[in-house]
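Take a look at the letters that make up each chain.
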Amino acid sequence: MENPQLQRVGKWLDLTDQQFGILLSLYKLETIGEKTTPKNIEHEYLKTYGRAPQRSNLFGQIRQLLSRNMITKEGQGSYSVNFGVIYALLQDRKDAFIEELNEFNRVSEQIKEYFRKAAIQTTKPKVEYFNYDEFYNALAESIKTKERFYTTTKFPSIAYTYSLSAGIGTINYTNTVWERCFERRELQACYLTTLDVDFPFNHAFRVYGDPKRAYRECIIVIDQLWNQIQTHPNLDVRFLKELHGMDVFIPETHEPKEFFLFTRDEHRNIIGGIKVMSPETAISAKQMFMRDFEYAERLTGQKGEEIMENLKKELEERYSICKV
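Residues numbered from 1 in each chain as written. Predicted model: local features only at pLDDT ≥ 70, side-chain atom pairs only at ≥ 80, totals over all residues. Heavy atoms only, no water.

Asks: Before we go on, may I ask you to explain the overall build of the protein in this structure?
Replies: Within the protein one finds 13 helices and 10 strands. What you see for the protein is a C-alpha radius of gyration of 37 Å, clearly larger than the 20 Å of a compact globule of 324 residues, by over 25%. With the C-alpha coordinates aligned to their principal axes, the bounding extent of the protein is approximately 115 × 40 × 40 Å. Counting the 324 residues in the protein, one finds 44% classified as buried. Relative to all contacts within the protein whose residues are 6 or more apart in sequence, the contacts with residues 24 or more apart total 69%. For the protein, the computed accessible surface area is about 18,400 Å², with 50% contributed by carbon and sulfur atoms. If you average the places of the 44 positive and of the 46 negative side-chain charges in the protein, the two averages end up 5 Å apart. (Helix = DSSP H or I, 4+ residues; strand = E, 2+ residues; numbered from the N terminus. Rg over C-alpha atoms; globule rule 2.2 N^0.38 Å. Buried < 20%, exposed > 50% of the residue type's maximum accessible area, 1.4 Å probe, protein only. Contact = heavy atoms within 4.5 Å. Areas by Shrake-Rupley, 256 points an atom, 1.4 Å probe, with all protein chains shown as cover. Lys, Arg positive; Asp, Glu negative; His and termini not counted. Charge placed at Lys NZ, Arg CZ, Asp CG, Glu CD.)

Asks: Whenever I open this one, the nonpolar core confuses me. Can you help?
Replies: Grouped burial of nonpolar side chains is what soluble globular proteins tend to show. Core analysis: the largest hydrophobic core is formed by 49 residues, its most contacted members being Phe149, Phe155, Tyr173, Tyr191 and Leu225. Only α7 (132-142), α9 (171-183), β5 (188-193), α10 (198-208), α11 (211-231), β6 (235-239), β8 (258-264) and α13 (301-319) provide two or more residues apiece to this core. Tallying contributions element by element places α11 first for this core, with eight residues. Apart from the residues lying within four places of it in its own chain, the contact partners of phenylalanine 149 are Ile143, Tyr173, Val177, Leu187, Gln188, Ala189, Cys190, Tyr191, Phe249, Ile250 and Pro251. (Core = buried A, V, L, I, M, F, W, Y, C linked by side-chain atoms within 4.5 Å.)

Asks: Sorry if this is basic, but what is going on with helix α3 (residues 38-49) here?
Replies: Count 3.6 residues to each turn of an α-helix, and residues three or four apart come out pointing the same way. Between its first and last C-alpha atoms α3 spans 16 Å; for 12 residues at 1.5 Å apiece the expected length is 16 Å, and the two agree. Every buried residue of α3 is accounted for by Pro38, Ile41, Glu42, Glu44, Tyr45, Thr48 and Tyr49. End-on, the buried residues of α3 take up no more than an arc of 165 degrees, which puts them together on one face. Away from its buried face, by an angle of more than 90 degrees, α3 presents the exposed residues Lys39 and Lys47. Looking at the buried positions of α3, the neighbouring elements they touch are α2 (17-31), α4 (55-67) and β2 (78-81). Downstream of α3 by a residue or two, glycine 50 has a phi angle that is positive, lying close to 80 degrees. (Expected span 1.5 Å × (residues − 1). Arc of directions from axis to C-beta.)

Asks: Help me understand empty space enclosed by the protein in this model?
Replies: Taking a probe equal in size to a water molecule and rolling it over the atoms shows the remaining empty space. The final tally for this structure, using the stated rule, is two cavities of 30 Å³ or more. Empty space within the largest cavity amounts to approximately 140 Å³. Mapped by element, the contributors of at least two residues to the lining of the largest cavity are α7, β4 (148-153), α10 and β8. Residue composition of the lining of the largest cavity, by class: 10 nonpolar, six polar and one charged. (1 Å grid on protein atoms, 1.4 Å probe; cavity = no way out; pocket = protein on both sides within 12 Å on 5 of 7 lines; lining within 4 Å. Points joined across faces, edges and corners; volume = space filled by probe spheres on them. Nonpolar A, V, L, I, M, F, W, Y, C, P; charged D, E, K, R; others polar.)

Asks: Teacher, can you tell me more about the environment of alanine 214 here?
Replies: Among the secondary structure elements, alanine 214 is positioned in helix α11. Distance from alanine 214 to phenylalanine 201, taken between C-alpha atoms, is 5.7 Å for residues 13 residues apart in sequence. Apart from the residues lying within four places of it in its own chain, the contact partners of alanine 214 are Phe201, Ala204 and Phe205.

Asks: Teacher, can you tell me more about the pairing of β4 here?
Replies: The side chains of a regular strand alternate between both faces of the sheet. The element β4 is largely enclosed, with a buried count of six among its six residues. Judged by which residues are buried, β4 turns out to be covered on both faces: Arg148, Tyr150 and Thr152 on one side and Phe149, Thr151 and Thr153 on the other are all buried. Judged from the six bridges that link them, β4 and β5 form a sheet pairing that is parallel. Looking at the pairing, threonine 151 lines up with tyrosine 191 of β5. Taken together, the four bridges between β4 and strand β7 (residues 248-252) define a ladder with antiparallel strand orientation. Directly across from arginine 148, in β7, lies its bridge partner glutamate 252. (Pairing = 2+ DSSP bridges.)

Asks: What should I look at first to understand the packing of α3 against α4 in this one?
Replies: In helix packing, the relevant descriptors are the interaxial angle and the interaxial distance, both defined with respect to the helix axes. Relative to each other, α3 and α4 sit at 105 degrees, their axes nearing to 11 Å. If you check the angle between α3 and α4, you find them roughly perpendicular. Of α4, the residues touching α3 (which contributes Pro38, Ile41 and Glu42) are Arg55, Leu58, Phe59 and Ile62. For the contact of α3 with α4, the per-class residue count stands at five nonpolar, no polar and two charged. (Axes fitted to C-alpha atoms, helices over the stretch in contact; angles between N-to-C directions. Parallel < 35°, antiparallel > 145°, perpendicular 65-115°, else oblique.)

Asks: Looking at this structure, how should I read the pattern of salt bridges?
Replies: Charged atoms that come close allow side chains of opposite charge to pair. For the structure shown, the criterion picks out 16 salt bridges. Note that arginine 318 and aspartate 198 form a salt bridge whose closest N and O atoms lie 2.6 Å from each other. With a gap of 120 residues between them, arginine 318 in helix α13 and aspartate 198 in helix α10 connect regions that are remote in the sequence. Taking the relative accessible area as the measure of exposure, arginine 318 reaches 42% and is therefore partly exposed. Across the pair aspartate 247 and arginine 264 runs a salt bridge whose closest N-O atoms are separated by 2.6 Å. Taken together, the residues aspartate 247 in the loop between β6 and β7 and arginine 264 in strand β8 connect sequence positions 17 residues apart. (Salt bridge = Lys/Arg side-chain N within 4 Å of Asp/Glu carboxyl O.)

Honestly, it's all geometry; don't read function into it.
Structural data, given as C-alpha cells:
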C-alpha cells in the first residue's frame, strides 16, 4: 500500500482512490520497463491492493484519466503518465490553497467582526414613532447606559438654561446629559451644529414672550456653551455651515444598535421623532455622520473663541432692536 502522503496526492488531483491506484500502477510498470497495457495495469493493481478492478470499470477509469490528460496513449494498448499536466494541476491546487490560507488568516484575525455582520444582517429594522414629549424622553432614556452619543442640531440645547429647557419641554433630556456628561463624566457628547442663533432665540421668545429677555437669554446660552466646551473635555462640539445628512441622534457603547431621526414642521421646528432599531442601519447612519463630523471645525482654542464671538455679533446684527 502507498504511504499516506501519496494518498493525499490523489485527493489534491481530485481523483478517486481507484483512479489514483490505476495511475500509480501504470507508473510502476513504466519504472520497471513493463508494457503499460490494461492487462498489466490490472495485474499490478491486484498486487498492490489485493483486488483488481472490473475490466469494464478499468477501461472507464483509463478514459477518465485520458480525458484529463493525466495519462497519454503511447501506442496500441499502452499508456504513459503525463507528469507535465500533473505538475500544472498541483500548481493550480497550490495557488488555491494559498488563497484559502490567506482567506483563513483574514477571517481568523477578524472573526468577531464576521460574526457581528452575520448577526446584524439577520435583524429586521424596527421603527417606533414619537410625539415631541415622548421623543425627548426616549432620547433621555437611550443615553442612561450608553458611553457616547452623536447628534446633529441647529444649536446644542445642552447649553440652554434650566428655565429655557423646562419651557420647551426638554428638561428630562437636558438633565440626563448634564448629569452623565458634566457631573459623572461618564458620557461623551458629540454635537455637529450650524450654530444657528435663530434657534435659541425663537425658543426663548416662545418661552418668555419678550424679545429683550430672549436676546439676553441667547447671550447667556452662547457664553454657557463656550464655558462648557472649555470645562468638559468629554463635550465635543463641531461647527459646519451646512448639514448635508439626516437630522440624527445616535447613542452607542461599543457600536450603535439604534438611532433617532428628528421630524420637523414646515418652519423646521422639531415636532417629534422616529426611533430605528437596526444595528446595520445605525452603523451606516453613524458613518454618514462621521464624514461631516471629522471635516467640521472643532470649537476649541482661539479658533473656537473667534467663532463664538462672531456668533454674538451675528445675534446683535439680527436682533439689535431687542437690546434696548
